[in-house]
Structures are given as C-alpha cells and as structure tokens.
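Listed below are the residues making up each chain.
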Protein chains: 2
Amino acid sequence: MRPRKAGSSFVSLTFVLLLGAPAMADDSLRDLQIDNSIIPAELANNAILLRERVLLDNLPVDIVESITTEVGPRRVGTEGDKRAIAWAQAKFEELGFDRVWAEEFTVDRGWIRGDAKAEIVSPYPQNLVLTALGYSVGTNGDLVGEVAEFATFDDLLAVPAGDSLKGKIAFVSFSMADYVPSPGESELGGYGQGTRARGRGHVEAAKRGAEAIVIRSVGIDNNRNGHTGGGYGYEDGVRKIPAAALSAPDAILLQNMLSRGGPVTMKLNMTSEITGPVVGANVIGEITGRDGSDEYLVLGAHLDSWDDGTGAIDDGAGVGSMMATAALIGQMDQRPRRSIRVILFGAEEIGLVGVQAYAKAHREELNDHLLGAEVDGGGGRINTLTSGVGDASVAVVREMYKLIAPLGIEWSDANDATGDSDMSVLGRAGMPALGFNQNSNDYFMYHHTSNDTFDKIIPEDMRYLTAAYATIFYVAAELDIDFRK
Amino acid sequence: MRPRKAGSSFVSLTFVLLLGAPAMADDSLRDLQIDNSIIPAELANNAILLRERVLLDNLPVDIVESITTEVGPRRVGTEGDKRAIAWAQAKFEELGFDRVWAEEFTVDRGWIRGDAKAEIVSPYPQNLVLTALGYSVGTNGDLVGEVAEFATFDDLLAVPAGDSLKGKIAFVSFSMADYVPSPGESELGGYGQGTRARGRGHVEAAKRGAEAIVIRSVGIDNNRNGHTGGGYGYEDGVRKIPAAALSAPDAILLQNMLSRGGPVTMKLNMTSEITGPVVGANVIGEITGRDGSDEYLVLGAHLDSWDDGTGAIDDGAGVGSMMATAALIGQMDQRPRRSIRVILFGAEEIGLVGVQAYAKAHREELNDHLLGAEVDGGGGRINTLTSGVGDASVAVVREMYKLIAPLGIEWSDANDATGDSDMSVLGRAGMPALGFNQNSNDYFMYHHTSNDTFDKIIPEDMRYLTAAYATIFYVAAELDIDFRK
C-alpha cells in the first residue's frame, strides 16, 4: 500500500473497500452482466467504485485551471512553452506520480507571431480582423493587393500556375460552418476541407503568382477572431508568401464587398518571422505498476498550444483529463499491476513534432507500449468506445466497455482505433490502441482562437470524460492481457 | 398617387387594392374585433396588408448590410462617421424619401481610440485582452501596478478617498452575466449595475488614488473581446486615469490569479487620446404627408456606433428598421395623411449628444412631433407595446395594437412610454411616445464589441420588428388624432 497525501478524500473509499461493504452505484454488477472469467468480480467492483468516485472529482478541471492560469499560451519555442514544461513536471510530482521526466527535442525552426493587421483600402475603408497562420512569413511592411476570391481550395487550384494571380491577394472563402457533408462523410468533413487551404494555400497561391493568401477561418463560430493553425511548410523553390485567417464576420464582410462586383483592395501588415531552431520537450509522468515489468499503458495529450488563447480546450482538457486519470488510479489502495504513463507531447500543433521525436527515441521499446489513447478534442464526454487491438482481445475490451456503458457510451465493434492525434503515430506503428470518440460540443467554435480559454470548460463533461478513461485504464492495467493478440 | 420605382413588388398589392378584393391574412378583421369608429375598416384592412407585405420584405436587413459593409464603424468625429452621414442621406434619397437633410452639431471633444494592451507581469506572465472605455486618456507609456479587486462598484466606493489605492490598478470584477436581479427588478438589472463602474469608475478610483481602472466588460458573453462604452466624463479637479474593460475570459483569468492570494501585477499600455472639438450630424429623411401640415410622426435610431465592430445590432438594426418602416409606408398607394420623419441621431453613444442638439434646435417645434419611438435594442422582435400618450388616446393606441397582436405582441396598459434612447429626451420633454419593447436576444453578447457585425442580424426577426412599426405608424399617420390628449 502506498502512502497517500494527507487529507485525500480517497481515504473514505479505501475504508469502504477494507470493510468489504462497497457502496454500489445504481447499476449493479449483475445488471452489467460482466463475464467474470474475463474481468473478475472484485476488479469490476473496484472499477465501478472508481468510476463513481471520479465523477465527483474536480481534479481534471482544476488541472486545466492551473495550466491556463499559471502558464497560458505555450507554443513550442516560446517562454510559455518553457514554463509549461516546468509546470507539467511540478504538477506530476504534486499529483504523486512515481517517476517524472522530460525528453527534449529540437524543432528545426521557431516562429515569432508578431502582429497581423488588415484593412480594406477601397472601395469601403474598414479594418478587418485576422490572425497569422502558423509559421507564416511577414509582409515586410504594407502589402497591398486586389482581392481574388475563391469559393473553395479546388477553385484556387483550378487557376493556371504562373502569374495568373500576380499582384493579387488570394481569398479562399470556404466556410466550414456552411459545409454539408456528403452521405457517409464525417460530420467534421468541413474541417478536413477547410484545412486543405489552411495547410497548402500559401504554396498553391504562390505558385500562381499571388502576393499573399487569406482564408476564412476554419471554424463554426461567428466570433470576430481568426482561427490560426497549419501553415508550417513552405515548399522549396516556391516563393514564401504571407498567410492569414480572417474571422468569420470579416470573411462575410469581405464577401459582401466583393458581391457588389467592383475591385476590392486590401492592405496587409504582418510582422511574423520564422527563426532558427528551438527546443521543445515531451513531459512524462509514470504511476509505476506493482508487477515490476518494463511495460506500460500510455495516456496521451499535448502540452503545447496555439498562442492566441490559453489552450484550455486544445489541449488543456487533454492534459487535465489524462493527468487526472492516472493520478486518480494512483490514489487507489494499491498501485495497478502495470505502469501507466502519461505522455504530454510537445509541438503537436506544428505537425506532431514531439511524438515523432518520441517515436524515434523509443523505437526499440514500442513493444513496451501495451495500450494507448489520447484526448485532443476538448473536454466533452465520450460517446463511443472502439478498440484497436488484436482480434483475440476485442472481447476483453468489450467486457471493459460494459463498465462505462452507464456513462451513456456506445460500443463500436469496428476495432479500427489507432489512437488519436499524437498517439496515432504510435498506433500506426503497431501499438494497440483504444478510440474514445468524444462529443465535440462547441470545440470548433473556439479551436485555435483567442477564445480558447478556461471558461469554455464544462466541469461535468470533464468529469464524465475522465471517469470513462479512468475506469477503462484501471481495468486494463490490472488485467494480464496482451492487447496485440 | 405617387410614382413607384420600376420593378417594385408593391405593384401587386396596389393591384389587389384597386380590385377591392384584398387577400387577407389568416386573421381576419372580424377576428381582431377592431372598433371601426376608431380605425375605419378600410384603413385597418390596408394596415394588415402592409403588415403582411413587410413581413416578406428584406429591406431592413439590406439596409443593415449596406451600412455595415459600405461604412462600418462610425464613432462621432471619425472618418467613418462622416461616411455614415453621407451614406444616410444617399440611402434616404435612394429609398424615395421626399425631403432629406443633415443637421450638424459640434461635440466639445473628440477621441482617438489608439491601442490598448495589457499583460500580467507577475506571478504568471500572460497577455490579457481589453478595450479602452470611451474617451479614456492613455497611459503615457507603460503603466505598471498591483491589481486591487473589487467585487462590485459599491465595494470600490467603500474604500476611503485619498491614497488608499495609491500605485494600484483598480479592478471591478462585477459580472452582468452572473447577476441575479432582485424581485421586481428588470431582468437587465445587471446591465444597470455594470454600467455604474463603466460610467464613473475612472472618477471614483482616481479619488482613491488609483493609477488606472479596469472593469469586467458589461455583457453576458464569454468571448475574448472587451465591451467598450461609457467613460465620457472626467470630473474637474479629479486626476484623469485610464479606464478599460477586460473581456469576460480575461476577467476570469485575472480573478483566478488573484484567488491564489499573492499580489498580481499588471502592465497597461493605452494610446488613447482626447482631442479638440469634432463635428457630427443628425440625418433626417421625411415621407411628406398629403395633408400639407407641419406636423409629423418621428421614428428614431442612432447613426453613430462604437468603433470595435461595424455597428450592426447597435444601431444598424435601428437604422435599417426605421428607414424601412417609413420607406415601405412611402411605397403605398398614396402618401400617408401626416408626414413621417426618420431621425438618425449622431453621437448617441457618447451620451445622447446628437439628440440634445436636435432638441435645442427644434425646441420651438416640439409640438409638431405628434408621436415618436426609437429602435436601439438590436434587431429582435417586439414583444410588448405600451403607449405614452394622453389618457384620451390610450384607447386609440389599444385599437392600433390589435393590428399587430398576431405578430406575437402583448399589450401593456401602463401608458408610461417616453421613447427609448435618443427619443427619451423628446419624450420626457412632452412628446407623445410609443414603447415597443424588444426581445433582447443575444444583444448583450455583442453590444459594444468587435463582434457587433452583420452576421449577428437575424433576418426574420428584423422583418417582424419592422412589420410591427410599419403597421402602427401607418395607422397613426392616417388618423387625425392628437396623441397628447
């Protein structure tokens, strides 16, 4: 038995367990029809008690409050990121993790956001609100050009390469909010469509002679702040042109001006700057298992954030829920059989850079990663669980799932999970994974904007989210299962 | 009969009227139980046809689109306001008003907004988002001070005058969003409470030695943009200190830092500047009545706006609905018996300055203002009609009300309307008025922010709003009633 911090409210749960008279939730074990040859009754019972306990614990929310208040924006290479790396290690220690460390990596370039201003010069002088896309170059003073609108990225691609857009500022007005997915397409298909121009627009517009590109922000809100993101990656041999995202109201305003038929001239002034290499880090905390093996389960989130907001939903919510999941399992009566590692990846936002460094550094140990999952979709509840394991293990995950079904979670037998976000890199390399599909709520209203702040976190949803993970990972850590088989 | 513009869809209505076979709405005249000794049947019938026609007309929305796109922000004294004054006259002409003119006035000082930046210096360095309150002075470089939080304006007032707050930045964290009105208090009581600190905080904090004041924005949203407003009015003999409004997320962030108990130091940098006198104007358009008298009904809205947004809900919606009300009445078969004037007041936002100039210039003609009303609450539908007329006329307004009851509007017999916003100045001076109480919808989410943009307008609500006004003012313009009696 491990010492707990004085005053831990978990003492009461331990007390109940010692007395052998657990206070059951309203769904009894019998109702769940758990196959006790797969999950022993005592383990299932403990899992349900843990689930109910986590539902009452504000720890995941408190962690988001802590990182947003004490750290705030934390793009890789910034002072904020350095503070985040120190904060994460201190927080892991404070939460009683057994081992805590950081693994540094180098990113080949850094970026200074600077200011981004835009105004319509004619016919109707007005300021517009936009935000630089990540790793955009600046405008080197005022850049003035006539606006050439393209309803979609494909429409831009349809313009001949060369100097078709010479002197122009390309404007891709595609709206994620107004996109209607095709039958069978993901309901977030509009995000995928929108990120095409966000990720490649600056290259394709430059190939056609444009001086700069602005896109309508990829989001579903009507707030007057731009959604940053993407943008990393100019192409050798193609002129580097500035790239920025107009807020939805400003994209609409610009379209309204253009709809009158005459030329619209825009002035851009962006002081963004690409710099030399910067250092980032993945920060890892471990609840060390009692079996003494070198194998571990992994819970992922990313520590870095875009820099207009304080990184609450992206990905403070992941940091909070994953730290809390392992910490609350670690507060149980004894350490789980297997170790649980929480990996807070660095530099996710600029292209999964931290996890790639991690995968390289740990390439000999991929087999030690028994099962992985990541939260990078905000603080919403889980709606569906899917496995991504060996065929023989699907039935085990299915039994584990029954323990969280009362949280309003569905089961999908697709068995195609590879881990989300950073974890997908390890999942695609063979690591067994679980797919916890989240309600996206209003995620794409605030994603990559100044509006990504703590007040957007819905505490009860965060508790439901964390309860689902804690229940599943507690059982997975106790069972002696090779999820690859 | 007056000529109409070619292509007007009103031709069909005229045609129907000439045939004497009006297509009635599903509420027949009989159902409304109109007293035809007060409102003759033919007039009531025409009013209902007008109401139904206006419900289908996008003109009020188109006008808001026009002013937000072609003019945008238009604070008095700015280039935007000058453009707005020209726009309004051109729009009145385009809409077929018979007389159009502007009445200039001078405001004793102008204001340059400049930039407003804030950051926490310690313990947790982060940028905060805020906006200068109107007519605030700047900080003259960086202003650094420890934050002293006051939960309410009264808590600030409770601090002794002198140097209690020397070296401090006062922070009034009162939240309109969280305010619970007392029994009997207006549901917008939180706005009234919030505007106390907005209007006087810079004076009262200075009297207590503070270096600056920041307030939580007066609004109900969680968007990361400040709500400007108020602020005009330093007091002689009291030091002029800068005043700004933090966005709600930033006020919460600051409170979270302060809740840890240690000192929090903030740096402000504001380049706002008060300037010499500026010129504004009220712009007036008249549909001239056929009776040839010098008397008129007045519809008000304000032409100026705060300068972070494009002034769509405040008060583009008023401009659009009032211009459209008179214009659509003017498109009827013949001019109304009495003239209808639309007055677009200047400099409302900085303290009803334009209407005061108007009242002074027209003080001899107050009796010519037969009845007035104003829209300055966004584009929401009317929910209640109240009169503010002589006792003998209440029954007339009550009969007029029946014509708009089918729009989901209630009647209040309080008879206490004095006209909203600018019009209240004339109403309190004795002008008969009508009170069209509006649904405030999400008005205080966007009010006085960068988010006050065209996309916030709900077209169907604007059509309902305009239909209510058009119906009532059409009938009022046809009747030979002295609303003072």
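Keep in mind that what you see is a predicted model, and the values were worked out from it rather than measured.

**Q** Describe the overall build of chain A, naming the residues involved and giving the relevant values.
**A** For chain A, the helix and strand inventory stands at 14 helices and 18 strands. In terms of C-alpha radius of gyration, chain A reaches 24 Å, essentially the compact-globule figure of 23 Å for 485 residues. By residue count, 56% of the 485 residues in chain A fall in the buried class.

**Q** Tell me about the relation of the copies chain A and chain B, and please be specific about residues and values.
**A** Each copy superposes on the other: chain A lies on chain B with an RMSD of 0.0 Å after a rotation of 180° and an axial shift of 0.0 Å. Taken together, the rotation angle and the small translation identify this as a two-fold axis. Taking the C-alpha atom as reference, chain A places Asn223(A) closest to the rotation axis, 3.8 Å from it.

**Q** Run through the sheet that holds strand S6 (residues 143-150) of chain B, naming residues and quoting values.
**A** Residues and elements named next belong to chain B. One open sheet holds the 8 strands; their spatial order is S4-S3-S10-S6-S7-S8-S9-S5, and the pairing between them is mixed. Two strands lie at the open edges of the sheet, namely strand S4 (126-128) and strand S5 (130-132), each paired on one side alone. Between one strand axis and the next, the sheet turns through 35° on average, direction left out of account. As defined by bridge partners, strand S3 (residues 116-122) adjoins S4 across 3 bridges and the pair is classed as antiparallel.

**Q** How would you sum up the sheet that holds strand S6 (residues 143-150) of chain A? Please name residues and give values.
**A** All names here are of chain A. Strand order in the open sheet made by the 8 strands is S4-S3-S10-S6-S7-S8-S9-S5, with mixed pairing throughout. Both edges of this open sheet fall to strand S4 (126-128) and strand S5 (130-132), since each of them pairs with a single strand only. Strand-to-strand twist across the sheet, computed as the mean angle between neighbouring axes with direction ignored, equals 35°. Packing against the sheet, helix H7 (residues 189-207) makes contact with strand S7 (168-172), strand S8 (212-216) and strand S9 (243-246), and its axis sits at approximately 155° to S8.

**Q** An account of the pairing of strand S9 (residues 243-246) of chain B is needed here, citing residue identities and associated values.
**A** Residue and element names in this part refer to chain B. The two faces of S9 match: Ala 243 and Ala 245 on one face and Ala 244 and Leu 246 on the other face are all buried. Bridge count for S5 against S9 is 3 bridges, and the pairing is antiparallel. Bridge assignment links Leu 130 to a residue of S9, and that residue is Leu 246. Alignment of strand S8 (residues 212-216) against S9, held across 4 bridges, turns out to be parallel. In the sheet register, Arg 216 faces S9, and the bridge partner there is Leu 246.

**Q** So, the interface of chain A and chain B: which residues are in play, and what are the values?
**A** At the junction of the two partners, chain A supplies 24 residues and chain B supplies 24 residues. Those elements that place two or more of their residues in the side of chain A that touches chain B are helix H4 (59-70) and helix H8 (248-258) of chain A. Of the residues in the side of chain A that touches chain B, the class split is 8 nonpolar, 11 polar and 5 charged.

**Q** Outline the pairing of strand S13 (residues 296-302) of chain B, listing residues and values.
**A** All names here are of chain B. With 7 of 7 residues buried, S13 lies mostly within the body of the structure. Burial along S13 is two-sided: the face carrying Tyr 296, Val 298, Gly 300 and His 302 and the face carrying Leu 297, Leu 299 and Ala 301 are both buried. As paired elements, S13 and strand S14 (residues 339-345) share 7 bridges and run parallel to each other. Considered in S14, the bridge of Leu 297 is made with Ile 340. Taken together, S13, helix H9 (residues 312-330) and S14 constitute a β-α-β crossover, and its handedness is right-handed. Both S13 and strand S15 (residues 369-374) contribute to a ladder of 5 bridges, which runs parallel. Looking across to S15, one finds that Leu 297 is bridged to Leu 371.

**Q** How would you explain the packing of H4(A) against helix H9 (residues 312-330) of chain A if you had to name every residue and give the values?
**A** All names here are of chain A. With their axes 8 Å apart at the nearest point, H4 and H9 run at an angle of 135° to one another. With respect to H9, the axis of H4 lies oblique. Considering the relative orientation of H4 and H9, their crossing is right-handed. Across from Leu 59, Pro 60, Val 61, Ile 63, Val 64, Ile 67 and Thr 68 in H4, the residues of H9 making contact are Ala 312, Gly 316, Ala 317, Val 319, Gly 320, Ser 321, Met 323, Ala 324, Ala 327 and Leu 328. Looking at the contact of H4 with H9 residue by residue, the classes come out as 13 nonpolar, 4 polar and no charged.

**Q** Quick one: what's the story with the domain arrangement of chain A, residue by residue and with numbers?
**A** When the parts come together, some accessible area is lost, and that loss is often what is quoted as the size of the interface. Residue and element names in this part refer to chain A. Domain annotation of chain A identifies domain 1 (11-108 + 277-478) and domain 2 (111-275). Inter-centroid distance (C-alpha atoms) of domain 1 to domain 2 is 35 Å. Listed as interface residues are 12 residues of domain 1 and, on the opposing side, 16 residues of domain 2. Counted by class, the side of domain 1 that touches domain 2 contains 4 nonpolar, 6 polar and 2 charged residues.

**Q** Before we move on, can you summarise the nonpolar core with the specific residues and values?
**A** In summary, soluble globular proteins display a tendency toward joint burial of nonpolar side chains. Counting residues in each nonpolar core, the largest one holds 146 residues, and the members touching the most others are Ile329(A), Ala468(A), Phe473(A) and Ala170(B). In terms of residue count, helix H14 (residues 459-478) of chain A provides more of this core than any other element does, 13 residues in total. When sequence neighbours within four positions are dropped, the list of residues in contact with Ala170(B) reads Ala148(B), Phe150(B), Leu156(B), Leu165(B), Ala205(B), Ala210(B) and Ile213(B). Counting residues in each nonpolar core, the second largest holds 145 residues, with Leu133(A), Ile67(B), Tyr469(B) and Ile481(B) among its members.

**Q** Tell me about the confidence of the model for chain A, and please be specific about residues and values.
**A** Residues and elements named next belong to chain A. When pLDDT is averaged along chain A, the result is 93, and 94% of the positions lie at 70 or above. Counted against residues more than four places away or in other chains, residues 1-26, with its pLDDT under 50, gives 23 contacts. Here the prediction assigns the complex a pTM of 0.92, and the interface score ipTM is 0.91.

**Q** Break down H14(A) for me, with residues and values.
**A** Over its 20 residues, H14(A) runs 28 Å from end to end, which matches the ideal 28 Å to within 8%, given 1.5 Å per residue. Counting buried positions over the 20 residues of H14(A) gives 18, a clear majority of the element.

**Q** Can you tell me about helix H8 (residues 248-258) of chain B, naming the residues and giving the values?
**A** Judged by how many residues are buried, H8(B) sits mostly within the fold: 8 of 11 residues are covered. Residues of H8(B) that are buried include every one of Ala248(B), Pro249(B), Asp250(B), Ala251(B), Ile252(B), Leu253(B), Leu254(B) and Met257(B), and no others.

**Q** Any chance you could break down the environment of Gly110(A) for me, citing the residues and the numbers?
**A** All names here are of chain A. Turning to its location among the elements, Gly 110 is positioned in strand S2 (residues 110-112). Sequence separation between Gly 110 and Gly 276 is 166 residues, and the spatial gap between their C-alpha atoms is 5.7 Å. Apart from the residues within four sequence positions on either side, Gly 110 is in contact with Gly 77, Thr 275, Gly 276, Pro 277 and Val 278.

**Q** Could you give an account of the environment of Lys402(B), naming the residues involved and the relevant values?
**A** All names here are of chain B. Residue placement: Lys 402 occurs in helix H11 (residues 394-402). On the basis of neighbour count, Lys 402 is assigned to the partly exposed category, with 19 C-beta atoms found within 10 Å. Lys 402 sits 25 residues away from Gly 427 along the chain, and the two C-alpha atoms are 24 Å apart. If we ignore the near neighbours within four places in the chain, the residues touching Lys 402 are Leu 32, Gln 33 and Ile 34.

Thresholds, definitions, all that
- For every chain, the first residue of the written sequence is number 1, and numbering continues from 1 along that sequence.
- As they are written, the chains are lettered A onward and the ligands numbered 1 onward, keeping that order.
- Residues qualify for local features only when their pLDDT is at least 70, as the model is predicted, and side-chain atom pairs are given and counted only at 80 or more; totals for whole chains, interfaces and linings, by contrast, use all residues.
- Here a helix means four or more residues in a row that DSSP labels H or I, a strand means two or more in a row labelled E, and each is numbered from the N terminus.
- For the radius of gyration, the atoms used are the C-alpha atoms, and the globule rule reads 2.2 Å times the number of residues raised to 0.38.
- With C-beta atoms placed from the backbone, a residue counts as buried when 20 or more other C-beta atoms lie within 10 Å of its own, as exposed when 12 or fewer do, and as partly exposed for counts between those limits.
- Here the copies were fitted onto each other by least squares, based on C-alpha atoms from residues at pLDDT of at least 70 in both.
- Only strands joined by at least two bridges in the DSSP assignment are considered to pair.
- Note on geometry: axes are C-alpha line fits, over the in-contact stretch for helices, and angles between N-to-C directions span 0 to 180 degrees.
- Each residue is represented by a C-beta atom placed from its backbone, and any two residues with such atoms within 7 Å are regarded as in contact.
- Amino acids are sorted into nonpolar (Ala, Val, Leu, Ile, Met, Phe, Trp, Tyr, Cys and Pro), charged (Asp, Glu, Lys and Arg) and polar (every other residue, Gly among them).
- Handedness of a crossover: with both strands directed away from the viewer, a clockwise path from the first strand across the helix to the second marks it as right-handed.
- Working definition: roughly parallel below 35 degrees, roughly antiparallel above 145 degrees, roughly perpendicular at 65 to 115 degrees, and oblique for all remaining angles.
- With the far helix as reference, a near helix turned anticlockwise by less than a right angle produces a left-handed crossing, and one turned clockwise produces a right-handed crossing.
- Note that domain bounds follow an automatic or database assignment of domains.
- Note on terminology: a nonpolar core is any set of buried Ala, Val, Leu, Ile, Met, Phe, Trp, Tyr and Cys residues joined through C-beta atoms within 7 Å.
- On a range of 0 to 100, pLDDT expresses the predictor's confidence in each residue.
- A helix is expected to reach a length of 1.5 Å times the quantity of its residues less one.

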